[in-house]
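Fold and contact review
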Amino acid sequence: MIKNISNLGDAALYCDFGKEVNRETNTQVIKYFKTIRKKNILGVNNITPSYNKLIISFDLKKINFNKLKKVIDNIEITKSDNTQNKKLEIPVCCEEEFSLDIKRLEEILNLKKEKIYENFFAKEFFCYMTGFIAGMPFLGDLEENLRAKRLDTPRVKVPKGSIGLTEQFANIYSFESPGGWNIIGNTPLNIFDNSKEKEPNLVNPGDLVTFKRITKDKYQNYHE
Amino acid sequence: MNKNYFEIIRAGINSTFQDLGRNHLYHIGIPFSGAMDNRNYLLANKLTGNNHNHPVIEFAYQGPHLKYHGSPINIAITGDVSFEIKKGDNLIDGKCYQSFILENNDELDIISTNKSVYGYLAISGKFDLKFQWSSCSTNTKANIGSNNGKKLSNNQKINIKEINQNFMNTKLNYVNTKIENIRVIKGTNFDYFSEEGKKIFFKNEFKVSKLSDRMGMRLEGKKIENIVETNIRSEGLIKGVIQVTADGFPIIMLSDHGTIGGYPKIGVVISADYDKLVQLTPGSRVKFQEVDLNSAETLFKLYDLETQSLISKI
């Protein structure tokens, strides 16, 4: 449930679902997101779900904070908004040329790289949100023993397809971009397809994701 | 076949196709984009007889130098811009907020913006563009939008697929004013900052850094001390949000900003001041002034009324 709604500037609602970051809270955020989107409320523009927040921006010419807050306060989330989570398997190659930060992680986590990969590939991840750059999924939660801080100085260019780890989360760089996550491999899959107007994102909030290790040979000959 | 096009002699620093942008895709990570200065964008279109969501060329600092090939067409430039039109040996000094007619082989040289960053070129016709998510707006960082998501480059052609045959003779008296006090509403993490930090934010002057672009405007000044945590759980952003990064300096999110961010939000620029904010050139000195939500809403109504009144005068 929404714990508190405040204003973010004069043209957005800031809905706070509480301090906790877990699947349960995030599932609530996503339910609200889907319900509000379906309602097509006049004046509502972007709706951005994240771990435990939902930001609803609006056109100040058509509606204002107090009016929209009333609408959102009275929204009911019905059982039918329970949509099935999609399951996905994403191939990842961990050859040296792709696992840019595996040595750093071995040191920080005090684990051998085979152990890091073993734990990583055994996990089923939950997609909390997508964004920052188009299509980038934020996936959780990594086991405690794999949690590391981001790089002290972010890379200017992280290659497209890179799989990164930071704290309890994993992400996938949908295209080349600056970034500071610990890179452990690369996927040949296209995570964001801007030729698809309807569903350009491969991974969406609420989806369940597992990673599968592939050889370099398979990586190079990968056809979707 | 009627072939009308601009030949690009010089593309300019950052010339892109823009319209009203995309306002419904943050949840998949696609930024707003669109013309930075909405009022000047709308005025350019009205001066050339277009509707309010019609692609224009936005340029920053130095604009494009174009040679026109085709049948006569109206153009208009808005902003604070110096430009010239060459008709054979005849050199015409360009004036903003006024329609001109370009004929075959005429040249339009948009020399530079003056005390501002962005200017707009609208034509009485349609550029031949591919739209993405119902907008031409170009985001060069994510390669989204027309022209393959890239800025205009030298020696390329800009095709025009349709020309409106009703010639305009429009003019507007309007002078852009520069903003010194940026009005803001306190942000959701305002209390992350020390009393001294809050005072610095509202009392001290900040300088617009050179590291500013369509994604964000960085500011330099006295450091704003964070007493809670320099990172927050990543969450959604909107245009105008002022984040304070770990180094203690503010950065304002502009139209191409990433959709999610993890720095504390000290404030949000009010909607009424956004157009003027984006026009601040590097080196400009600004102060932040606090307003409440009610005042911000009233100020936006006034801003919108003024924009509508300018449009109705054309």
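Small disclaimer: the values here were computed from a predicted structure and weren't measured.

1. Digging into the overall build of chain B
Along the backbone of chain B there are 4 helices and 21 strands. At 20 Å, chain B has a C-alpha radius of gyration in line with the 20 Å of a compact globule built from 314 residues. Counting only C-alpha atoms, chain B reaches 65 × 35 × 30 Å along its principal axes. Across the 314 residues in chain B, those meeting the buried criterion constitute 50%.

2. Here we look at the sheet that holds strand β2 (residues 16-18) of chain B
Residue and element names in this part refer to chain B. With antiparallel pairing, the 5 strands of this open sheet are ordered in space as β2-β3-β10-β5-β8. Both edges of this open sheet fall to β2 and β8 (99-102), since each of them pairs with a single strand only. In this sheet, neighbouring strand axes are inclined to one another by 35° on average, regardless of whether the strands run parallel or antiparallel. Pairing of strand β5 (residues 73-78) with β8, which is carried by 4 bridges, proceeds in the antiparallel orientation. Its bridge partner lying in β8, Ala76 is registered against Ser99. Sheet strands touched by helix α1 (residues 38-47): β2, β3 (56-60), β5, β8 and β10 (118-123). Its angle to β10, the strand with the most contacts, is close to 25°.

3. Comments concerning helix α1 (residues 23-39) of chain A
All names here are of chain A. If you check α1, its first and last C-alpha atoms are 24 Å apart, about what 17 residues at 1.5 Å a residue would give, namely 24 Å. All of the buried residues along α1 are Asn26, Val29, Ile30, Tyr32, Phe33 and Ile36. Seen end-on, α1 carries its buried residues on one side only, within an arc spanning 160°. For α1, exposure combined with an orientation more than 90 degrees from the buried face picks out Glu24, Lys38 and Lys39. Next to the buried residues of α1 lie β3 (44-49), β4 (53-58) and β6 (125-130). Positioned one or two residues after α1, Asn40 has a phi angle of 45°, which is positive.

4. Examining the domain arrangement of chain B
One frequent convention defines the size of an interface as the accessible area lost when the parts assemble. Residue and element names in this part refer to chain B. We note that the domain assignment places domain 1 (4-163) and domain 2 (181-312) within chain B. Here the C-alpha centre of domain 2 lies 28 Å away from the C-alpha centre of domain 1. Taken together, the contact pairs 20 residues of domain 1 with 16 residues of domain 2. No other element matches α1, which puts 5 residues into the side of domain 1 that touches domain 2. For the side of domain 1 that touches domain 2, the class distribution of residues is 8 nonpolar, 7 polar and 5 charged.

5. Things to note about the interface of chain B and chain A
Between chain B and chain A, the contact holds 30 residues from the first and 38 residues from the second. Counting only elements with at least two residues in the side of chain B that touches chain A, the list comes to β16 (235-236) and α4 (293-312) of chain B. When residues of the side of chain B that touches chain A are assigned to their parent elements, the largest contribution, 5 residues, is made by α4 of chain B. In terms of residue class, the side of chain B that touches chain A is built from 14 nonpolar, 12 polar and 4 charged.

6. Some words on the domain arrangement of chain A
Residues and elements named next belong to chain A. Taken domain by domain, chain A comprises domain 1 (4-81) and domain 2 (87-220). Between the C-alpha centres of domain 1 and domain 2 the distance comes to 28 Å. Where the side of domain 1 that touches domain 2 is concerned, the elements lending two or more residues are α1 and β3. Here the element with the most residues in the side of domain 1 that touches domain 2 is α1; it accounts for 4 residues.

Scoring rules and cut-offs
All chains use their own residue numbering, which begins from 1 and follows the written sequence. The naming scheme follows written order: chains are lettered A onward, ligands numbered 1 onward. Totals for whole chains, interfaces and linings use every residue, but because this is a predicted model, local features are given only for residues with pLDDT of at least 70 and side-chain atom pairs only at 80 or more, for both listing and counting. To qualify as a helix, a DSSP run of H or I must reach at least 4 residues; to qualify as a strand, a run of E must reach at least 2; elements of each kind are numbered from the N terminus. For the radius of gyration, the atoms used are the C-alpha atoms, and the globule rule reads 2.2 Å times the number of residues raised to 0.38. Once C-beta atoms are placed from the backbone, each residue is buried if 20 or more other C-beta atoms lie within 10 Å of its own, exposed if 12 or fewer, and partly exposed for counts between those two. Strand pairing is defined by DSSP finding a minimum of two bridges between the two strands. A fitted line through C-alpha atoms serves as each axis, taken over the contacting stretch for helices, and the angle formed by two N-to-C directions is quoted from 0 to 180°. We call two residues in contact when their backbone-placed C-beta atoms lie within 7 Å. To estimate how far a helix should reach, multiply one less than its number of residues by 1.5 Å. This arc is built from the directions going out from the helix axis to the C-beta atoms. In this entry, domain limits derive from an automatic or database-based domain assignment. By the convention adopted, Pro, Cys, Tyr, Trp, Phe, Met, Ile, Leu, Val and Ala count as nonpolar, Lys, Arg, Asp and Glu as charged, and the other residues, Gly among them, as polar.

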